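Coordinate analysis (summary)
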Amino acid sequence: MTWWYASLPGALVWAGVLLAPWRPWSTRERLEPEPSPPESDLGEVTALIPARDEAALVGRTLRALVTQGRGLRAVVIDDQSADDTARVARDAGGRAVELVAGEPLPPGWTGKLWALEQGRRRVTTPLTLLLDADIELAPGTLAALVAWMRSDRRQLVSIAATLRTDSAWERLLMPAFVFFFKLLYPFRVSNSRSRLVAAAAGGCILVETGVLADLGGFAALKGALIDDCTLARLVKARGHRTWIGLSHGVRSLRPYGSLQSIWDVVARLAFTQLRYSPLLLLLCTALLVAAFWSPLVALAAPDARARWTGLAALAALAASYAPTLRFYGRSLAWALALPVVGTLYLAMTWSSAFRYWRGTRARWRGRAYATRDLVDDARP
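Residues numbered from 1 in each chain as written. Predicted model: local features only at pLDDT ≥ 70, side-chain atom pairs only at ≥ 80, totals over all residues. Heavy atoms only, no water.

**Brief notes about the overall build of the protein chain**
Counting its secondary structure elements, the protein chain contains 14 helices and 10 strands. Its C-alpha atoms give the protein chain a radius of gyration of 21 Å, near enough to 21 Å, the size a compact globule of 380 residues would have. Based on the C-alpha atoms only, the size of the protein chain along its principal axes is roughly 70 × 50 × 40 Å. For the protein chain, with 380 residues in total, the buried portion stands at 57%. Contacts in the protein chain between residues far apart in sequence, at least 24 positions, make up 81% of those at least 6 positions apart. Carbon together with sulfur atoms contributes 59% to the accessible area of the protein chain, which is approximately 16400 Å² in total. (Helix = DSSP H or I, 4+ residues; strand = E, 2+ residues; numbered from the N terminus. Rg over C-alpha atoms; globule rule 2.2 N^0.38 Å. Buried < 20%, exposed > 50% of the residue type's maximum accessible area, 1.4 Å probe, protein only. Contact = heavy atoms within 4.5 Å. Areas by Shrake-Rupley, 256 points an atom, 1.4 Å probe, with all protein chains shown as cover.)

**Side note on unusual backbone geometry**
Unlike most non-glycine residues, Arg 153 shows phi in positive territory, near 55°. Note that Arg 153 resides in the loop between α5 (141-151) and β6 (156-162). Judged by relative accessible area, Arg 153 falls into the exposed class, the value being 67%. Even without glycine at this site, Tyr 276 takes up a positive phi of about 60°. Within the secondary structure, Tyr 276 is located in the loop between α10 (259-273) and α11 (278-292). Under the relative-accessibility criterion, Tyr 276 is labelled buried at 14%.

**Focus on the pairing of strand β7 (residues 204-208)**
Taking burial as the measure, the five residues of β7 include four buried ones, the bulk of the element. Pairing analysis gives five bridges linking strand β4 (residues 127-131) to β7, with the strands arranged antiparallel. In the sheet register, Leu 127 faces β7, and the bridge partner there is Glu 208. Alignment of β6 against β7, held across three bridges, turns out to be antiparallel. Bridge assignment links Leu 156 to a residue of β7, and that residue is Val 207. (Pairing = 2+ DSSP bridges.)

**Some details on helix α6 (residues 168-184)**
At 3.6 residues per turn, the α-helix brings residues three or four places apart onto the same side. Across its 17 residues, α6 extends 25 Å between first and last C-alpha, which sits within 8% of the 24 Å expected from 1.5 Å per residue. All of the buried residues in α6 are Glu 170, Leu 172, Leu 173, Met 174, Pro 175, Ala 176, Val 178, Phe 179, Phe 180, Phe 181 and Lys 182. (Expected span 1.5 Å × (residues − 1).)

**Structural notes on the sheet that holds strand β8 (residues 242-252)**
The strand order β3-β2-β1-β4-β7-β6-β8-β5 describes an open sheet built from eight strands, whose pairing is mixed. Only two strands of the sheet have a single partner each, and these edge strands are β3 (97-101) and β5 (135-137). Put simply, the sheet's adjacent strands are angled 30° from each other on average, direction ignored. Pairing between β6 and β8: seven bridges, direction parallel. (Axes fitted to C-alpha atoms, helices over the stretch in contact; angles between N-to-C directions.)

**Let's talk about the nonpolar core**
The biggest cluster of nonpolar side chains holds 53 residues, and the ones touching the most others in it are Trp 14, Leu 173, Phe 180, Phe 292, Leu 338, Val 341 and Tyr 345. Put simply, the parts of the chain that give this core at least two residues each are α1 (2-19), α6, α7 (187-190), β8, α10, α11, α13 (304-327) and α14 (338-357). In contact with Phe 292, other than residues within four places in its own chain, are Trp 14, Phe 180, Leu 317, Leu 338, Pro 339 and Gly 342. In terms of nonpolar packing, the next biggest core, distinct from the first, is built from 35 residues, Leu 65, Leu 145, Ala 161 and Trp 243 among them. (Core = buried A, V, L, I, M, F, W, Y, C linked by side-chain atoms within 4.5 Å.)

**Comments concerning helix α3 (residues 85-93)**
Every buried residue of α3 is listed here: Thr 85, Ala 86, Val 88, Ala 89, Ala 92 and Gly 93. When α3 is viewed along its axis, its buried side chains cluster within an angular range of 165° and face the same direction. Check the buried side of α3 and you find it contacts β1 (45-51), α2 (58-65), β2 (73-78) and β3. (Arc of directions from axis to C-beta.)

**As for the confidence of the model for the protein chain**
Mean pLDDT for the protein chain: 92, with 93% of residues reaching 70 or above. Within the model, pLDDT remains below 50 along residues 372-380, and this stretch shows 32 contacts once partners closer than five positions in the same chain are excluded. (pLDDT = per-residue confidence, 0-100.)

**A short note on the packing of aromatic side chains**
In this structure the tally under the stated criterion is 18 aromatic pairs. Residues Phe 179 and Phe 180 carry aromatic rings whose centres are separated by 5.7 Å and whose planes lie at 45° to one another, so their mutual orientation is tilted. Take Phe 179 and Phe 180: they sit in the same class, and that class is buried. Taking the centre distance of 6.2 Å and the plane angle of 75° together, the rings of Phe 180 and Phe 292 count as edge-to-face. With Phe 180 in helix α6 and Phe 292 in helix α11, this residue pair connects regions lying 112 residues apart in the sequence. You can call Phe 180 buried: its relative accessible area is 18%. Above the plane of the ring of Phe 187 lies Lys 182, whose end atom (NZ or CZ) is 3.9 Å from the centre. (Phe/Tyr/Trp six-rings, centres within 6.5 Å; stacked < 30°, edge-to-face > 60°. Lys NZ or Arg CZ within 6 Å of the ring centre and 35° of its normal.)

**Some remarks on a nonpolar patch on the surface**
Side chains of Leu 279, Leu 280 and Leu 283 sit close together on the surface and give an oily, nonpolar patch of about 280 Å² of accessible area. Relative to the elements of secondary structure, Leu 280 occurs in helix α11. A relative accessible area of 32% places Leu 280 in the partly exposed class. (Patch = residues over 30% accessible without salt bridge, like charges linked within 9 Å, V, L, I, M, F, W, Y side chains within 5 Å. Salt bridge = Lys/Arg side-chain N within 4 Å of Asp/Glu carboxyl O.)

**As for the side chain of Ser 26**
Relative to the assigned elements, Ser 26 resides in the loop between α1 and β1. From its side chain, Ser 26 meets the backbone nitrogen of Arg 28 in a polar contact 3.0 Å long. (Polar contact = N/O pair within 3.5 Å; in protein donor to acceptor, adjacent residues only side chain to side chain.)

**With respect to the packing of α6 against α14**
Two numbers describe how α6 lies on α14: the axes approach to 10 Å, and their chain directions differ by 75°. Considering their axes alone, α6 and α14 lie roughly perpendicular with respect to each other. Contact with α6, carried on its side by Trp 169, Leu 172, Leu 173, Met 174, Ala 176, Phe 177, Phe 179 and Phe 180, involves Leu 338, Val 341, Gly 342, Leu 344, Tyr 345 and Met 348 of α14 and no other residues of that element. Tallied by class, the residues present in the contact of α6 with α14 amount to 13 nonpolar, one polar and no charged. (Parallel < 35°, antiparallel > 145°, perpendicular 65-115°, else oblique. Nonpolar A, V, L, I, M, F, W, Y, C, P; charged D, E, K, R; others polar.)

Now the structure itself:
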């Protein structure tokens, strides 16, 4: 009987994920471009691309962007790069791209948001596209975003980019990154009128320019480390509607070939997601241990009921993860690795907490940020 009770937490966690009415595991929130899209008039859109030391990727991003449709304006803010970002952007974009030399970073701002604010001051069109320098848009993607925003009467729409899965570590960890993000910020709830959850993916956000102006520009979230979800939260707080989904038409070009590179990305923000709270960290740890390890322990139990409960929990785990694996074109067999993946992400979260407690500054694109001096932006 004791073994059976010990096996219950994992089964309850995954049954809750599967049966939750907001379907956090689903990939139905999706927007794909037409296979052969016609040329579109995008004269109402200005794209802002903050770029710091992005010479390796920004050219490919711009070449894909300028072919999205006619009339599109693009502004690349060269955020004091030490490489050839400016030259590559100028060569790739040509006359379709305005290149802005970024000013020094003021106190209290993150680099990306300061670059976006400088670009925002040059926007005169009704819509603003916030696009990371490592995001490639498939033909017709921007037109599909604009059409969806208009038809569904949203003021902000965002796409969680399809991440690279070229290396072994990327194949193991990146689909799970999206899966965990959807569990933390259920898209269906975020896309509703409820203000309990507000999510966006900073790599690709289309927002009404007037809404940004109404917020006071990016100064409203100038110190936010999790700037995308903070922006969505502020937009929803003003009574506007947001939408987030997936798309194969929005692809991240950023390579994360090693475990260390993925670890650094997650550890930079994981404890921020938990609001720098030791209590939430302990609750998160207990939840992940119950979800990923109690089913495995139950399989070795002498109690037959415990073993069956453990099998049921693993089946629910696999069923929950299956839509994400299908989206990424991976075999369902990868679900068997999810306990290991969950343990790695938990270790990254603890690493994030230790960095914060030691006073280690968050580093990104060659800059260091004192997280205690920045905005606590982790509230959903």
